Structures are given as structure tokens and as C-alpha cells.
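Coordinate inspection notes
Listed here are the chains, written in short residue letters.
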Amino acid sequence: MERHGGEIQENYEELLKLKGSGEYTAGAISSEDFGKKENAVDSNVYRVMARLLEIRDDLKKPSVMKKIKEEVRGL
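This structure is a prediction, so every number in the text was calculated from the model and none was measured.

Of the regular secondary structure elements, the protein holds four helices and zero strands. For the protein, the sequential pattern of α-helices and β-strands runs α-α-α-α. Relative to a compact globule of 75 residues, whose C-alpha radius of gyration would be 11 Å, the protein shows 14 Å and is clearly more extended. Reported as C-alpha extents along the three principal axes, the dimensions of the protein are approximately 45 × 20 × 15 Å. Burial statistics for the protein: of 75 residues in total, 23% are counted as buried. Across the protein, every contact between residues at least 6 apart in sequence was considered, and the portion connecting residues at least 24 apart equals 19%. Roughly 5,800 Å² of accessible area belongs to the protein as shown, and the carbon and sulfur atoms make up 47% of that amount. Placing the 14 positive and 15 negative side-chain charges of the protein at their respective mean positions leaves the two points 6 Å apart.

On to unusual backbone geometry, then. With phi around 55°, Glu54 is a residue other than glycine that occupies positive phi space. Position of Glu54 relative to the elements: it lies in the loop between helix H3 (43-52) and helix H4 (62-73).

Let us now look at the nonpolar core. Of all hydrophobic cores here, the largest spans eight residues; its members are Val41, Tyr46, Met49, Ala50, Ile55, Val64, Ile68 and Val72. For this core, the elements supplying multiple residues, two or more each, are H3 and H4. Aside from chain neighbours lying at most four places away, what touches Ile68 is Tyr46, Met49, Ala50, Ile55 and Leu59.

With that settled, the discussion passes to the confidence of the model for the protein. Averaged over every residue, the pLDDT of the protein is 90; the share at 70 or more is 100%. The least confident element of the protein, judged by mean pLDDT, is helix H1 (residues 12-16) at 90; the most confident is H3 at 95.

Moving on to the packing of H3 against H4. Between H3 and H4, the shortest axis-to-axis distance is 10 Å and the interhelical angle comes to 85°. In this view, H3 runs roughly perpendicular relative to H4, as classed from their interaxial angle. For the pair H3 and H4, the contacting residues are Val45, Tyr46, Met49 and Ala50 in the first and Met65, Ile68, Lys69, Glu71 and Val72 in the second. Looking at the contact of H3 with H4 residue by residue, the classes come out as seven nonpolar, no polar and two charged.

To continue, consider H4. Taking 1.5 Å of rise per residue, twelve residues should cover 16 Å, and H4 covers 16 Å from first to last C-alpha, within 8% of that figure. Among all positions of H4, only Val64, Ile68, Lys69 and Val72 are buried. The buried residues of H4 occupy one face: seen down the axis, they fall within an arc of 130°. Facing away from the buried surface of H4 by more than 90 degrees, the exposed residues are Pro62, Lys66 and Arg73. In this structure, the buried residues of H4 make contact with helix H2 (23-34) and H3.

Procedures and definitions
- Residues numbered from 1 in each chain as written.
- Predicted model: local features only at pLDDT ≥ 70, side-chain atom pairs only at ≥ 80, totals over all residues.
- Heavy atoms only, no water.
- Helix = DSSP H or I, 4+ residues; strand = E, 2+ residues; numbered from the N terminus.
- Rg over C-alpha atoms; globule rule 2.2 N^0.38 Å.
- Buried < 20%, exposed > 50% of the residue type's maximum accessible area, 1.4 Å probe, protein only.
- Contact = heavy atoms within 4.5 Å.
- Areas by Shrake-Rupley, 256 points an atom, 1.4 Å probe, with all protein chains shown as cover.
- Lys, Arg positive; Asp, Glu negative; His and termini not counted.
- Charge placed at Lys NZ, Arg CZ, Asp CG, Glu CD.
- Core = buried A, V, L, I, M, F, W, Y, C linked by side-chain atoms within 4.5 Å.
- pLDDT = per-residue confidence, 0-100.
- Axes fitted to C-alpha atoms, helices over the stretch in contact; angles between N-to-C directions.
- Parallel < 35°, antiparallel > 145°, perpendicular 65-115°, else oblique.
- Nonpolar A, V, L, I, M, F, W, Y, C, P; charged D, E, K, R; others polar.
- Expected span 1.5 Å × (residues − 1).
- Arc of directions from axis to C-beta.

See the structure below:
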């Protein structure tokens, strides 16, 4: 509130800096509220994309998460 004068930031990177805001929240706010081309990738998206991409590894592995995020970004 004090740092941003009561205004929510439109920039994904700035939204990530807010306490309690992670990649999903920052992506959702950026895309839904400000029309930015950002992704909101949650566990459901990871599961569906893993099936489509035939990924059989653990979805919590950073390398798997990164690959799925990159694929989603390209859609």
C-alpha cells in the first residue's frame, strides 16, 4: 500500500515482488486484469500438459516444470 500508493502493479516482475504473490498469481493478475500475455500455470495445467507432451517424470522436478512453462508460453 505504502510502496505503490495503493495501486496494483501491471508488470509481472513487480507483481512477483509482492508478499504472497507467486508465479501463478502474478500471471493471473497480469493477464486477467491488465490484458498482458502472461501465463497462470497451476497444477491442473501441469498435469494436462504432461499428458499432452507425454512427460512421465515427476511434475515437481524443476526441469519438468521449466519445460512445461516454456511449452505453455509458446501456445
